[in-house]
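Analysis of the macromolecular model
Now for the letters of each chain:
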Amino acid sequence: MKLKLLALSILAAFTFNSNAQHGDKQKRQSPPATMEHKVGDASITINYSQPSVKGREIFGELVPYGNVWRTGANEATTFTTDKDITIGGQKLAAGTYALLTIPGKDEWTVILNTEAKQWGAYKYDEEKDAVRFTVKPVSHDMTEAMTFSAKKNTIYLDWAETRVPMAVK
């Protein structure tokens, strides 16, 4: 009986510690980050987790070309706009979307999918795409932690030595 109680106590302590670590997103190896930007009257917010390069080859290796990627780490990156906008030449209604990408050496596909709450892109359903457009990546200064930023009518995804610009109106 004592052995059973000891085993239950150890299991309960392990479960509590494990849940505490998973519950505190700031302690993740790829911590959460937020980018906020105004384009005209629209407020845009991108919530994502920031993976780091850590000496690895990123695009074409860690993040394979030609596959749908969550565009970050952990949960899928979310893109929220409080007003209708045009992004990548496509009309997008106000709302919250999963921001997914399909990296390529010379061209990327950017996807805004109506299934905003998903872990990674494991259950990605193309039928739920609200918008899909292509962009040309460009070489950029080394960025250790994946970062979204914005200037005027362009949102940038920077990671490693790659920059992916997305035009917004």
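The structure this text deals with has already been given above.
The structure contained in this document is the topic of the report that follows. It should be emphasised that the depicted structure is a prediction, and the values quoted were computed from it without experimental measurement. (Residues numbered from 1 in each chain as written. Predicted model: local features only at pLDDT ≥ 70, side-chain atom pairs only at ≥ 80, totals over all residues. Heavy atoms only, no water.)

This paragraph deals with the overall build of the chain. When you go through the chain residue by residue, the secondary structure sums to one helix and ten strands. Ordered by position in the sequence, the α and β elements of the chain form the string α-β-β-β-β-β-β-β-β-β-β. In the chain, which comprises 169 residues, the share counted as buried stands at 42%. For the chain, the computed accessible surface area is about 10000 Å², with 52% contributed by carbon and sulfur atoms. (Helix = DSSP H or I, 4+ residues; strand = E, 2+ residues; numbered from the N terminus. Buried < 20%, exposed > 50% of the residue type's maximum accessible area, 1.4 Å probe, protein only. Areas by Shrake-Rupley, 256 points an atom, 1.4 Å probe, with all protein chains shown as cover.)

Right, let's get into the sheet that holds strand S1 (residues 32–39). The antiparallel open sheet is built from six strands, whose spatial order is S1-S2-S3-S6-S7-S8. Looking along the sheet, the strands with just one partner apiece sit at the ends: S1 and strand S8 (129–135). On average, each strand axis in the sheet is tilted by 20 degrees relative to the strand beside it, whichever way the strands run. As paired elements, strand S7 (residues 108–113) and S8 share six bridges and run antiparallel to each other. Looking at S8, one finds that Ile111 is bridged to Arg132. (Pairing = 2+ DSSP bridges. Axes fitted to C-alpha atoms, helices over the stretch in contact; angles between N-to-C directions.)

Attention shifts here to the nonpolar core. Membership of the largest hydrophobic core comes to 33 residues, with the highest contact counts inside it found for Ile46, Phe79, Ile87, Phe148 and Ile155. Broken down by secondary-structure element, the contributors of at least two residues to this core are S1, strand S2 (42–49), strand S4 (85–87), strand S6 (95–102), S7, S8, strand S9 (138–151) and strand S10 (154–167). Take this core: its biggest share by element is six residues, from S10. Setting aside residues up to four positions removed in sequence, Ile155 forms contacts with Met35, Ile44, Ile46, Phe79, Phe148, Ser149, Ala150, Val164, Pro165, Met166 and Val168. Formed by seven residues, the second largest nonpolar core is a distinct cluster that contains Ala76, Leu100, Ile102 and Tyr124. (Core = buried A, V, L, I, M, F, W, Y, C linked by side-chain atoms within 4.5 Å. Contact = heavy atoms within 4.5 Å.)

Side-chain pairs of opposite charge can arise whenever the charged atoms involved come near each other. Overall, the coordinates contain four salt bridges when judged by the stated rule. Put simply, Lys128 and Glu115 hold a salt bridge, and the shortest N to O gap is 3.0 Å. With Lys128 in the loop between S7 and S8 and Glu115 in the loop between S7 and S8, the pair connects residues that are 13 residues apart, well separated along the chain. Looking at Lys128, the relative accessible area reads 34%, which means it is partly exposed. Glu115 gets classed as partly exposed once you look at its relative accessible area, which sits at 32%. As a salt-bridge pair, Asp158 and Arg163 come within 2.8 Å of each other at their nearest N and O atoms. Here the two residues Asp158 and Arg163 agree in accessibility, since each one is buried. (Salt bridge = Lys/Arg side-chain N within 4 Å of Asp/Glu carboxyl O.)

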